[in-house]
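Single-letter residue listing:
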Amino acid sequence: MSTYHPTSGRPPLRDTASAARPVPSEPGRPAGVSGRPRARLAVACATVTATAALLSGCGGDSAENTSKASNKSAEVAASASPSHEMDGMDGMAMGDPSATPADKIPGADVVKGTFQLLDTRPPGMDDVTGTAWLAQGSQGTTVTVSLKGLKPGEKYMSHLHSSPCSADNGGAHFQFEKGGATAPPNEVHLMFTADQAGQAMTTVNNSRKTGKGAVAIVVHPQKAMDNRIACADFDL
């Protein structure tokens, strides 16, 4: 039922223009659609995107980089630390100048050899002289070398050999187990550096005895193993 005006008897006028008037639109937005919901949606999306980026940057790459850095530090620390596999492995050391020389080992059987120059020596090694001692006792084998006439500051190596100096300049390296590893403790190696006067002395120990198997010792530059400088036969 229609409602009439109390005095005129006519129905009240309706603001049809106002009811039909569309909501003013903004550029790029369909007419009649309010901008506030879209604005809130845009802000929410931006917030989610920023949060995701932040989590990705701080929790993802950062954690991965931290893990890589930690692993790298562990590798550096491991490489800088002595290997536990070498701890207590007799004969693995390449020489200790402060160790008790072979000719001073109490109760040991000691043999001696005098270094003789070899034709394979490199230039400038004509004045090299020296002595080597090999001792066998309760603690195994101890070898000491003492040399003069070396090049100051240069590194050198010596090895026990299984053949006399007259046989191919000492032949092959002596090995406790023939055909085994070519490094200590299966072989006896000495490494040393000549001082400013061209002299050097060092000692190495091995827990096993060489018996009659090691008959000579050879010295050569560390960088040129084929250029044997001198060889000494032990007076077995």
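Summary of the structure given here.

What counts, and where the lines are drawn
Residues numbered from 1 in each chain as written. Predicted model: local features only at pLDDT ≥ 70, side-chain atom pairs only at ≥ 80, totals over all residues. Heavy atoms only, no water. Helix = DSSP H or I, 4+ residues; strand = E, 2+ residues; numbered from the N terminus. Buried < 20%, exposed > 50% of the residue type's maximum accessible area, 1.4 Å probe, protein only. Contact = heavy atoms within 4.5 Å. Areas by Shrake-Rupley, 256 points an atom, 1.4 Å probe, with all protein chains shown as cover. Pairing = 2+ DSSP bridges. Axes fitted to C-alpha atoms, helices over the stretch in contact; angles between N-to-C directions. Core = buried A, V, L, I, M, F, W, Y, C linked by side-chain atoms within 4.5 Å. Salt bridge = Lys/Arg side-chain N within 4 Å of Asp/Glu carboxyl O.

## A word on the overall build of the chain
Thinking step 1. Helix and strand content of the chain: 2 helices and 9 strands.
Thinking step 2. For the chain, the sequential pattern of α-helices and β-strands runs α-α-β-β-β-β-β-β-β-β-β.
Thinking step 3. A total of 236 residues make up the chain; the buried ones form 30% of that total.
Thinking step 4. Partitioning the contacts of the chain with sequence separation of at least 6, the portion at a separation of at least 24 is 65%.
Thinking step 5. In the structure as shown, the chain presents an accessible area of about 15000 Å², 54% of it carried by carbon and sulfur atoms.

## Quick notes on the sheet that holds strand β3 (residues 129-137)
Thinking step 1. Spatial strand order, β1-β3-β4-β7: 4 strands in an open sheet with antiparallel pairing. Looking at the sheet topology across the chains shown, the edges are occupied by β1 (109-114) and β7 (200-206). Averaged over all adjacent pairs, the angle separating strand axes in this sheet is 15°, with direction ignored.
Thinking step 2. Direction of pairing for β1 relative to β3: antiparallel, over a ladder of 6 bridges.

## Quick word on the pairing of strand β8 (residues 216-221)
Thinking step 1. Taking burial as the measure, the 6 residues of β8 include 6 buried ones, the bulk of the element.
Thinking step 2. When β8 meets strand β9 (residues 230-233), the two strands line up antiparallel, connected through 4 bridges. Of the residues in β9, the one forming a bridge with A216 is D233.

## Some details on the nonpolar core
Thinking step 1. Formed by 27 residues in total, the largest nonpolar core has its most connected members in F115, L160 and I217.
Thinking step 2. Elements represented by at least two residues in this core include exactly β3, β4 (140-148), β5 (155-161), β6 (189-193), β7, β8 and β9.
Thinking step 3. Top contributing element to this core by residue count: β4, with 3 residues.
Thinking step 4. In this view, F115 contacts G130, T131, A132, V145, L147, I217, V219, A230, C231 and A232; residues no more than four positions away in its chain are not counted.
Thinking step 5. One finds C165, V215, A216 and V218 within the second-largest nonpolar core, a separate group that totals 6 residues.

## Focus on the pattern of salt bridges
Thinking step 1. Per the stated rule, a full pass over the model turns up 2 salt bridges.
Thinking step 2. Across the pair D126 and R121 runs a salt bridge, and its minimum N-O distance is 2.9 Å.
Thinking step 3. The salt bridge involving E177 is made with R208; its shortest N-O contact spans 3.8 Å. Of the two residues, E177 is situated in the loop between β5 and β6 and R208 in the loop between β7 and β8; the sequence distance between them amounts to 31 residues.
Thinking step 4. Residue class for R208 comes out partly exposed when judged on its relative accessible area of 38%.

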